[in-house]
Each structure stands twice: as C-alpha cells, then as structure tokens.
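# Per-entry structural report
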Amino acid sequence: MKTIHIINGPNLNLLGRRQPDIYGRETLADVEAACGKLAHSLGFSVVFRQSNHEGELVELIHAAREEAVGIVINPAAYTHTSVAILDALNAFEGPVMEVHISNVHKRESFRHHSYVSLRADGVIAGCGTEGYLLALRRLATLVGD
Ligand code: DQA
C-alpha cells in the first residue's frame, strides 16, 4: 500500500487548546484519526508526525524520501522562516501539499510569505482542519492509484 506522510510543525501538539478562536477545538489526535480514515478509503496508509524542532522536521522529511509517495505538511511558524525545511522538501521527489488551518493571508503580514510555497504543488489555507483532508484528496489525485 502506498504511504503518505503528514508532517506537523511547532505548537500543533497544542491544537484544540491553543487559540481555539483561530485554530478550532479539534485536537491533533482528532485530525490524525480523520486523516487515517480518509486515507484508508482512498487506498493509502498514513504516517502522521509532529515536532516542535526544525531539525527534527528536516529528519522527518528525509524519512519520507524513503517511505512516502507524497507529503502533506503544515510547517506552522517555520513556514515563514525555514530555508532548511524548503531545502529538505526540494530533496523529496513526490508531490507536496502545504496546509494551514487558519487563513494566513488574513493575518499578520509576516505570515503572508511562505518558503514552503516555493516547493509545494498546492497550498490550502483557511479551511480549518478540513484542509488536511482536502490536501489528502489532492495528493491521491496527483500520485494516482
Ligand atoms: C499555521 C499558521 C502559521 O502562521 C502559524 O505559525 C501556525 C499554524 C496554521 O495552520 O494556520 O502555527 O500554520
């Protein structure tokens, strides 16, 4: 079975408790369960990870090079700062979908720039945690079955 890696950046472990007015009340475990269910129905398996550390996120992207046909990534704050994460994604050969739970374009101007968007095949922002499911559907289209 083909595998999709879903990678989450800093503070997303607090999802559901962190600024729920912006990020909603669903937890990351809820998102993982919903992604697993959808991926299964699309014929994929999912590896779901989160880290608060930039280097660890780079390592997770390297692991995806060996195991994944595609990546869904919410790099959180590193979206706006990390050339290292961009470089790691550039070393990954399959499709990459970038997800933001909030609409970053409606927020502070420092959130309007994304290094990851220089690599991403698609970007979903402002659709809440449903954005992960939309990204999975798009990846399934991109990698075929
Ligand atoms: C985020 C948006 C980022 O600007 C922010 O730093 C996050 C989460 C989102 O999912 O909306 O931590 O990526």
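What counts and how
- Residues numbered from 1 in each chain as written.
- Predicted model: local features only at pLDDT ≥ 70, side-chain atom pairs only at ≥ 80, totals over all residues.
- Helix = DSSP H or I, 4+ residues; strand = E, 2+ residues; numbered from the N terminus.
- Rg over C-alpha atoms; globule rule 2.2 N^0.38 Å.
- Buried ≥ 20, exposed ≤ 12 C-beta atoms within 10 Å, placed from the backbone.
- Contact = placed C-beta atoms within 7 Å.
- Axes fitted to C-alpha atoms, helices over the stretch in contact; angles between N-to-C directions.
- Parallel < 35°, antiparallel > 145°, perpendicular 65-115°, else oblique.
- Left-handed = near helix turned anticlockwise from the far one by under 90°.
- UniProt positions renumbered as here; feature names shortened; annotations may be inferred.
- Pairing = 2+ DSSP bridges.

### What about the overall build of the protein?
Helices and strands together make up the secondary structure of the protein, namely 5 helices and 5 strands. Ordering the α and β elements of the protein from the N terminus gives β-α-α-β-α-β-α-β-β-α. Here the C-alpha radius of gyration of the protein, 14 Å, is about what a compact globule of 145 residues would show, namely 15 Å. Seen along its three principal axes, the alpha-carbon backbone of the protein occupies a region of about 40 × 30 × 25 Å. Among the 145 residues that make up the protein, the fraction classed as buried is 34%. Within the protein, counting contacts between residues at least 6 apart in sequence, those at least 24 apart form 74% of the total.

### Let's talk about the packing of helix 2 (residues 28-42) against helix 5 (residues 130-143)
Their axes nearest at 10 Å, the elements helix 2 and helix 5 cross at an angle of 25 degrees. With respect to helix 5, the axis of helix 2 lies roughly parallel. For the pair helix 2 and helix 5, the sense of crossing is right-handed. Facing Val31, Ala34, Cys35, Leu38, Ala39 and Leu42 of helix 2, the residues of helix 5 in contact are Tyr132, Leu133, Leu136 and Ala140.

### Side note on the UniProt feature "site: Transition state stabilizer" (unreviewed entry) in the protein
As annotated by UniProt and renumbered to match this structure, "site: Transition state stabilizer" (unreviewed entry) occupies Arg18. Note that Arg18 resides in the loop between strand 1 (2-8) and helix 1 (20-23). Filtering out sequence-adjacent residues up to four positions away, Arg18 remains in contact with Asn11 and Tyr23.

### What to know about the sheet that holds strand 2 (residues 44-50)
Taken in spatial order, the 5 strands of this open sheet run 2-1-3-4-5, and their pairing is parallel. What marks the edges here is a single partner per strand, and that holds for strand 2 and strand 5 (122-125). Sheet twist, expressed as the mean angle between neighbouring strand axes with direction ignored, is 20 degrees. By the bridge criterion, 5 bridges tie strand 1 to strand 3 (residues 70-74) in an arrangement that is parallel. Each bridged residue has a counterpart across the sheet, and for Ile6 the counterpart in strand 3 is Val72. Relative to strand 2, helix 2 is tilted by about 160 degrees, and along the sheet it contacts strand 1 and strand 2.

### Some remarks on the pairing of strand 1
With 5 of its 7 residues buried, strand 1 lies for the most part within the structure. As paired strands, strand 1 and strand 2 are joined by 7 bridges and run parallel to one another. Bridge assignment links Thr3 to a residue of strand 2, and that residue is Ser45.

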